[in-house]
Amino acid sequence: EWKPTPEYSKLRRFRTMPTLFDQLVKWGIPVEKEQRICGTFAVFDFESLQKKENLPNSTTSTSYVNRQVAFCYSINSTVPGHDKPFCVRDEDSEWLIQKFVEDLLNISEAASALERRRMRSIFERLDEKIVECDIMEEETDDEALLAYYDLQRKSYERLRGRLEHRCDQLVVYSYNGS
């Protein structure tokens with residue numbers, strides 16, 4: 001029976017990956033505690049009926065008993081301007097699902113704008129760092145320094161892109177979902 005050696009165990013130890021905010025701090029960008037916590041989310045619930053009409057043909061491995069047909073959904077969120085719960089009902093389940101996606105996208109856009117305002121100080125600091133790298137590149141002729149500042153600028157741009165991506169994400173929970 002094989003047993004790991006102590007050297008092998010040291011190499012395979014579980015380590016958590018640094019978060020975006022850990023990386024920002026490492027690169028000299030201050031992050032407030034409140035900025036690390038996601039401030040917005042949405043919760044939804046769908047209700048459906050079970051109908052026996054328009055069922056697909058049963059196969060040797062699957063028997064269709066009923067079809068789930070959505071007839072209403074409700075959404076509530078913590079996003080200002082979208083923080084009143086609402087319910088939408090309709091017999092056309094395809095339209096209902098399309099409307100559900102549109103409603104979540106509207107909430108997500110408002111949440112993104114709010115998150116970008118909350119992260120403004122970080123965005124401004126990243127932009128300053130990117131400009132600093134550009135200035136340093138213009139002031140030097142040394143190939144090694146040019147490569148170094150280019151690499152630094154790309155790292156700040158990558159961090160900025162990751163922060164933009166994070167701001168554009170809305171946490172969505174399903175009530176009683178599976």
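In the block above lies the structure referred to throughout.
Given the structure is predicted, the values throughout are model-derived calculations rather than measurements. (Residues numbered from 1 in each chain as written. Predicted model: local features only at pLDDT ≥ 70, side-chain atom pairs only at ≥ 80, totals over all residues. Heavy atoms only, no water.)

A. Main features of the overall build of the chain. When its secondary structure is counted, the chain shows six helices and four strands. In the chain, the succession of α and β elements from N to C terminus is α-α-α-β-β-β-α-α-α-β. Taking 16 Å as the expected radius of gyration for a compact globule of 178 residues, we find that the chain reaches 25 Å, considerably beyond that expectation. Principal axes of the C-alpha set define a box for the chain whose edges measure 75 × 60 × 30 Å. Looking at the chain residue by residue over its 178 residues, the buried ones come to 26%. Here the analysis covers contacts within the chain between residues at least 6 apart in sequence; of these, 63% occur between residues at least 24 apart. (Helix = DSSP H or I, 4+ residues; strand = E, 2+ residues; numbered from the N terminus. Rg over C-alpha atoms; globule rule 2.2 N^0.38 Å. Buried < 20%, exposed > 50% of the residue type's maximum accessible area, 1.4 Å probe, protein only. Contact = heavy atoms within 4.5 Å.)

B. Looking closely at the side chain of Arg 166. Locating Arg 166 in the fold gives a position in helix H6 (residues 143-167). Arg 166 sits in the buried class, given a relative accessible area of 16%. Excluding its chain neighbours within four sequence positions, the residues that come into contact with Arg 166 are Leu 20, Phe 21, Gln 35, Arg 36, Ile 37, Cys 38, Glu 115 and Met 119.

C. Broad picture of the packing of aromatic side chains. As enumerated under the stated definition, the model contains eight aromatic pairs in all. On the numbers, 5.2 Å between centres and 75° between planes, the contact of Trp 27 with Tyr 156 is edge-to-face. With Trp 27 in the loop between helix H2 (20-26) and helix H3 (33-36) and Tyr 156 in helix H6, this residue pair connects regions lying 129 residues apart in the sequence. Where Phe 44 meets Phe 46, the ring centres are 6.4 Å apart and the plane angle is 80°; that geometry is what we call edge-to-face. Three or more aromatic residues link up through ring pairs in this structure, and these residues are Phe 44, Phe 46, Tyr 73 and Phe 100. (Phe/Tyr/Trp six-rings, centres within 6.5 Å; stacked < 30°, edge-to-face > 60°.)

D. Focus on the packing of helix H4 (residues 93-118) against H6. Where H4 contacts H6, the axes come no closer than 8 Å and their chain directions differ by 135°. The orientation of H4 with respect to H6, classified from their angle, is oblique. Taken together, the residues of H6 that come into contact with H4 (itself represented by Ala 111, Ser 112, Glu 115 and Arg 116) are Glu 164, Arg 166 and Cys 167. (Axes fitted to C-alpha atoms, helices over the stretch in contact; angles between N-to-C directions. Parallel < 35°, antiparallel > 145°, perpendicular 65-115°, else oblique.)

E. Fine view of the pattern of salt bridges. Applying the stated rule across the entire model yields 14 salt bridges. Glu 164 is paired through a salt bridge with Arg 160; the nearest N and O atoms lie 2.3 Å apart. Here Glu 164 and its partner Arg 160 are both found in helix H6, four residues apart, which amounts to about one turn of the helix. Taken together, the salt bridges that share partners define one network made up of Asp 134, Glu 137, Asp 150, Arg 153, Lys 154 and Glu 157. (Salt bridge = Lys/Arg side-chain N within 4 Å of Asp/Glu carboxyl O.)

F. Here's a closer look at a negative patch on the surface. A surface patch of like charges, here negative, comprises Asp 90, Glu 91, Asp 92 and Glu 94. For Asp 92, the position within the fold is in the loop between strand S3 (86-89) and H4. On the accessibility criterion, Asp 92 (41% relative accessible area) is partly exposed. (Patch = residues over 30% accessible without salt bridge, like charges linked within 9 Å, V, L, I, M, F, W, Y side chains within 5 Å. Areas by Shrake-Rupley, 256 points an atom, 1.4 Å probe, with all protein chains shown as cover. Lys, Arg positive; Asp, Glu negative; His and termini not counted. Charge placed at Lys NZ, Arg CZ, Asp CG, Glu CD.)

G. Inspection of a nonpolar patch on the surface at higher detail. Taken together, the side chains of Phe 41, Val 171 and Tyr 173 make up a nonpolar region of the molecular surface, amounting to roughly 250 Å² of accessible area. Relative to the assigned elements, Tyr 173 resides in strand S4 (residues 171-174).

H. Here's a closer look at the environment of Ser 74. On the secondary structure map, Ser 74 appears in strand S2 (residues 67-77). Put simply, Ser 74 and Asp 45 are 29 residues apart on the chain and 5.3 Å apart in space, counted from C-alpha to C-alpha. Residues contacting Ser 74, with those up to four places away along its chain left out, are Val 43, Phe 44, Asp 45, Phe 86 and Cys 87.

I. Inspection of the sheet that holds S2 at higher detail. In space, the four strands of this open sheet follow the order S3-S2-S1-S4, with mixed pairing throughout. The open sheet has two edge strands, S3 and S4, and neither has a second partner. Between one strand and the next, the sheet's axes are offset by a mean angle of 25°, whatever the strand orientation. Examined bridge by bridge, S2 and S3 share four bridges and lie antiparallel to one another. Looking at the pairing, Ile 75 lines up with Phe 86 of S3. (Pairing = 2+ DSSP bridges.)

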